Amino acid sequence: MGIVSAGAALCVAFFSGMAVACSTAAFILALGIVPRVAAISGTTRLILWYEDCMMAGIFIGILLELDFISLPLGMPALWAVGILGGMFLGCWTAALGEIVNIYAVLQKRAKIEKGFALVVLALALGKAAGAWMYFFWTGGHIW
């Protein structure tokens, strides 16, 4: 592959990744997940900061994924990123479920009148237990 075609491939890959990342951010923002999480946590005054941090995180993630930046921080940093990423994904999933009203539908169809918070807690604990078993029982081998 020549220098020109390699450069063109790099540009296409970079801008395609940026398009996907921006589309994901736009999807999250359009659904109102950031304002919903901010309202639930009582930090609505920080919504613009949350959105800025989300866009910065997406951009930095792209740079790290494409190996433009190398951060040899070791296992503690990997643990921190994994835990924070899991928290983000959990909040995102819960907010999305609340927006599409899936919890109300589940409560109505299952005819649960009391203790529905325990059902949601059981879902979260089951997800955490599954992730724990995957990473510590199987060794977390992805490929």
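Because the structure is predicted, anything quoted here is derived from the model rather than measured.

Observations regarding the overall build of the protein chain
Looking only at helices and strands, one finds six helices and zero strands in the protein chain. In sequence order, the protein chain lays out its α and β elements as α-α-α-α-α-α. Relative to its length of 143 residues, the protein chain is extended, with a C-alpha radius of gyration of 19 Å against a globular reference of 15 Å. The principal-axis extents of the C-alpha atoms in the protein chain amount to approximately 65 × 40 × 30 Å. Across the 143 residues in the protein chain, those meeting the buried criterion constitute 13%. Sequence-distant contacts in the protein chain: of pairs separated by 6 or more residues, those separated by 24 or more amount to 55%.

Regarding the packing of aromatic side chains
Tallied over the entire structure, the rule returns one aromatic pair. Ring geometry for W49 versus Y50: centroids 5.9 Å apart, planes at 55°, classification tilted. Residue Y50 is classed as partly exposed on the basis of its relative accessible area, which comes to 25%.

Some remarks on the confidence of the model for the protein chain
In this model, the protein chain carries an average pLDDT of 77, and 91% of its residues clear a pLDDT of 70 or more. Summarising per-element confidence for the protein chain, the mean pLDDT is lowest in helix 1 (residues 3-30) (76) and highest in helix 2 (residues 33-41) (81).

A few points about the packing of helix 2 against helix 3 (residues 47-65)
Put simply, helix 2 and helix 3 touch, their axes get as near as 10 Å, and they point 130° apart. The angle between helix 2 and helix 3 falls in the class oblique. Considering only the axes of helix 2 and helix 3, their crossing is right-handed. When helix 2 is examined against helix 3, the residues V34, P35, A38 and S41 are found in contact with a partner set consisting of I47, Y50, E51 and M54. Residue composition of the contact of helix 2 with helix 3, by class: six nonpolar, one polar and one charged.

Quick look at unusual backbone geometry
Positive phi, close to 55°, is recorded for K111, a residue that is not glycine. Its location among the elements puts K111 in the loop between helix 5 (102-109) and helix 6 (116-137).

Looking at the environment of A122
With respect to the helices and strands, the residue A122 is situated in helix 6. Judged by relative accessible area, which is 47%, A122 ranks as partly exposed. For the pair A122 and M54, spaced 68 residues apart in the sequence, the C-alpha separation amounts to 28 Å.

Basis of the calculations
- Residues numbered from 1 in each chain as written.
- Predicted model: local features only at pLDDT ≥ 70, side-chain atom pairs only at ≥ 80, totals over all residues.
- Heavy atoms only, no water.
- Helix = DSSP H or I, 4+ residues; strand = E, 2+ residues; numbered from the N terminus.
- Rg over C-alpha atoms; globule rule 2.2 N^0.38 Å.
- Buried < 20%, exposed > 50% of the residue type's maximum accessible area, 1.4 Å probe, protein only.
- Contact = heavy atoms within 4.5 Å.
- Phe/Tyr/Trp six-rings, centres within 6.5 Å; stacked < 30°, edge-to-face > 60°.
- pLDDT = per-residue confidence, 0-100.
- Axes fitted to C-alpha atoms, helices over the stretch in contact; angles between N-to-C directions.
- Parallel < 35°, antiparallel > 145°, perpendicular 65-115°, else oblique.
- Left-handed = near helix turned anticlockwise from the far one by under 90°.
- Nonpolar A, V, L, I, M, F, W, Y, C, P; charged D, E, K, R; others polar.

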